[in-house]
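Chain residues, written in single-letter form:
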Amino acid sequence: MGKTIASKIFDAHLRDTPTPGNMILNIDVVMCHEITTPIAIMDLMEKGMDRVFDPTKIKAVIDHVTPAKDSKTATQGKIMRDWAKRHQIKDFFDIGANGVCHALFPEKGFIRPGYTVIMGDSHTCTHGAFGAFAAGVGTTDLEVGILKGVCSFRAPETMRITLTGKLTSGVTAKDVILAVIKKLTVNGATDRVIEFVGPVVDAMTMAARMTLCNMAVEAGATSGLCLPDRVTAEYLWPFIKDQYPSIEAAVQDFSKWHSDPDAEYVETLTIDVSTLVPQVTFNFKPDQVKDIGEMEGTPVDQIYIGSCTNGRIEDLRDAAEILRGRTLADGVRGVVTPATPAIYSQALEEGIIKIFMDAGFCVLNPTCGACLGMSSGVLAAGEVCASTTNRNFNGRMGKGGMVHLMSPYSAAAAAVTGTITDPRKFLS
Amino acid sequence: MKTFGGPAILLDRSDINTDEIIPAKYLTEITKTAMKPHLLEDLLLDGRPFDINSPAMQQARVVITRANFGCGSSREHAVWAFEVNDINIVIAESFARIFRQNMFNCGILAIELPAADIEQLFKMHGELTIQVDLDKTEMTASSNDHAQAPLTCSFQLNPFDRDLVAAGGWLAYADKKF
């Protein structure tokens, strides 16, 4: 019997098997941010265990609330800063160089096919886009990861989702993943890995693949995964060019992480995306998803474009395509946060920041901010946000607020009309 | 090993997420005890805010709920919020992976029961008290309504999860082993 990519990665990293179903893996990259890491650091200090297993395998960033909004968040930042210095963690990204972790770390080339990656953040599954096994964990798992470089997982059951057909204009990876979550429901993939394959995935950029894998956790999945290919190798080329004589050689090497043709899946699904239209959530669960036409005309108070789901340059370009020469509807406020400094800089160079500003948007520095209601655009009770983020839970962007998740195209269309609007009418 | 049990509170909803258990605005705290007053602060049951100050909630040591409990954010603050309120058992039809793992990593119990058993628990009259026997992997629900017969259900406890509980959590286990 052949193996899936997840099984191959597990086999290559296996440290211990306490029971047949539980596997302790060696971890290649332990990523840390200032919300879930400080309590781990303080606990290790209290226990006299303030050590790190390998400072080169730890990547740290202050991203959730940055710049600090108050004394408490300033303290969280300071704990991270002092810890990184104390342990000579060189890949620590502080203010001025910081960005949303799941956009920043791929950009730095930290994630490679076949890697195991953990972080105290549920959207760590984003990095599966590189053909890595990347999973969100809690603070205790993070703590053990920092100290010992290991983490426990149940043996990976994989479900394969084959995306066929061709996405039409105005329909994006965000719409695909919302449709997938609707089909699977919020726990349809619990304890499973989702492997995304097929011509639609093959044709996607790394940014689109990251959007796809990012929300796998909203269906309960441990990780989303794409098979590493030429697109992956080209993205990583600046970081791997000394390891391979050519991109072709890298592609060839990456293929060792492809699932075998006779690999065993717990479930396989095929979805034809050719007839898919823009998707949008309603109510408080990410599997409550409708075709945008059914939500058309729903008034919104705020537009939020950013996050680890849709804050990359490709996303800003999509939104700018609609916002160019247009302005926010009366009474609607717009917030955009490019996910990293490099994305911000690129958006400046391409004139995209000016398009947002001319449209009336507030352009923020890179931060997770209002996606989880921590800062920089929190909603008041009764307010509605058209958002490119990943969760529409009750209270997520502010107590009593309502979040409608959608693509950057759809968010930009809502910005212009002040109501949920099919973005395709603005696209040629 | 810790003893597990006590008065139960029933949360009749599936897909209760960790943002509802502990809203993100409290994630700026750097002590576990700071979570104490905010447990389940944003929970909606039947579309209405849950009363976190009710006597039943104040004395609860066990939570009984439906499917996919603890979905969403990985924040272990959700588990700590239960822990600092002396709630050391959550019994559900199913859990989100990270929440379940966080519970055992803290050395406390996430018990999965079949939907039919959960339904029985929800149908019981009176106020429930739960006792868990880890050796027999059984839990018994008894009611203060004497007309209500007690209910005993057996559950599966993975040997690795049992070792985590015995060790007092994953850090202690891993420190010894690796």
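In this text the structure is predicted, and so the values were computed from the model without any measurement.

Let us now look at the overall build of chain B. Per the secondary structure count, chain B includes seven helices and nine strands. In terms of overall dimensions, chain B is globule-like: its C-alpha atoms have a radius of gyration of 16 Å, near the 16 Å expected for 178 residues. For the C-alpha atoms alone, the extent of chain B along its principal axes is close to 50 × 40 × 25 Å. Sequence-distant contacts, at least 24 apart, represent 62% of the contacts inside chain B between residues at least 6 apart.

Another aspect to go through is the sheet that holds strand 1 (residues 14-19) of chain A. All names here are of chain A. An order of 1-2-8 is seen for the three strands of this open sheet, with the pairing classed as antiparallel. Strand pairing shows two members of the sheet lacking a second neighbour, strand 1 and strand 8 (150-154), which therefore form its edges. Between one strand axis and the next, the sheet turns through 25° on average, direction left out of account. As defined by bridge partners, strand 1 adjoins strand 2 (residues 22-26) across three bridges and the pair is classed as antiparallel. Paired with Thr19 across the bridge in strand 2 is Asn22.

Before going further, it helps to spend a moment on helix 2 (residues 38-46) of chain A. Residue and element names in this part refer to chain A. Here helix 2 has its buried residues at Pro38, Ile39, Ala40 and Ile41. For helix 2, the secondary structure elements touched by its buried residues are helix 3 (71-86) and helix 5 (139-148). Two residues or fewer after helix 2 comes Gly48, characterised by a positive phi angle close to 70°.

On to the interface of chain A and chain B, then. On the side of chain B, 38 residues touch chain A, which itself brings 42 residues to the contact. Every element with two or more residues in the side of chain A that touches chain B is listed here: strand 1, helix 2, helix 3 and helix 5 of chain A. Residue contributions to the side of chain A that touches chain B peak at six residues, all from helix 5 of chain A. Of the residues that constitute the side of chain A that touches chain B, the class distribution is 12 nonpolar, 20 polar and 10 charged.

Residue and element names in this part refer to chain A. Segmentation of chain A into domains returns domain 1 (5-271) and domain 2 (281-426). Each of domain 1 and domain 2 has a C-alpha centre, and these two points are 24 Å apart. With 33 residues of domain 1 at the contact, the number on the domain 2 side is 29 residues. Examining the composition of the side of domain 1 that touches domain 2, we find that six residues originate from one element, helix 6 (residues 173-184), more than from any other. For the side of domain 1 that touches domain 2, a count of residues per class yields 12 nonpolar, 14 polar and seven charged.

Thresholds, definitions, all that
Residues numbered from 1 in each chain as written. Chains lettered and ligands numbered in written order. Predicted model: local features only at pLDDT ≥ 70, side-chain atom pairs only at ≥ 80, totals over all residues. Helix = DSSP H or I, 4+ residues; strand = E, 2+ residues; numbered from the N terminus. Rg over C-alpha atoms; globule rule 2.2 N^0.38 Å. Contact = placed C-beta atoms within 7 Å. Pairing = 2+ DSSP bridges. Axes fitted to C-alpha atoms, helices over the stretch in contact; angles between N-to-C directions. Buried ≥ 20, exposed ≤ 12 C-beta atoms within 10 Å, placed from the backbone. Nonpolar A, V, L, I, M, F, W, Y, C, P; charged D, E, K, R; others polar. Domains from an automatic or database assignment.

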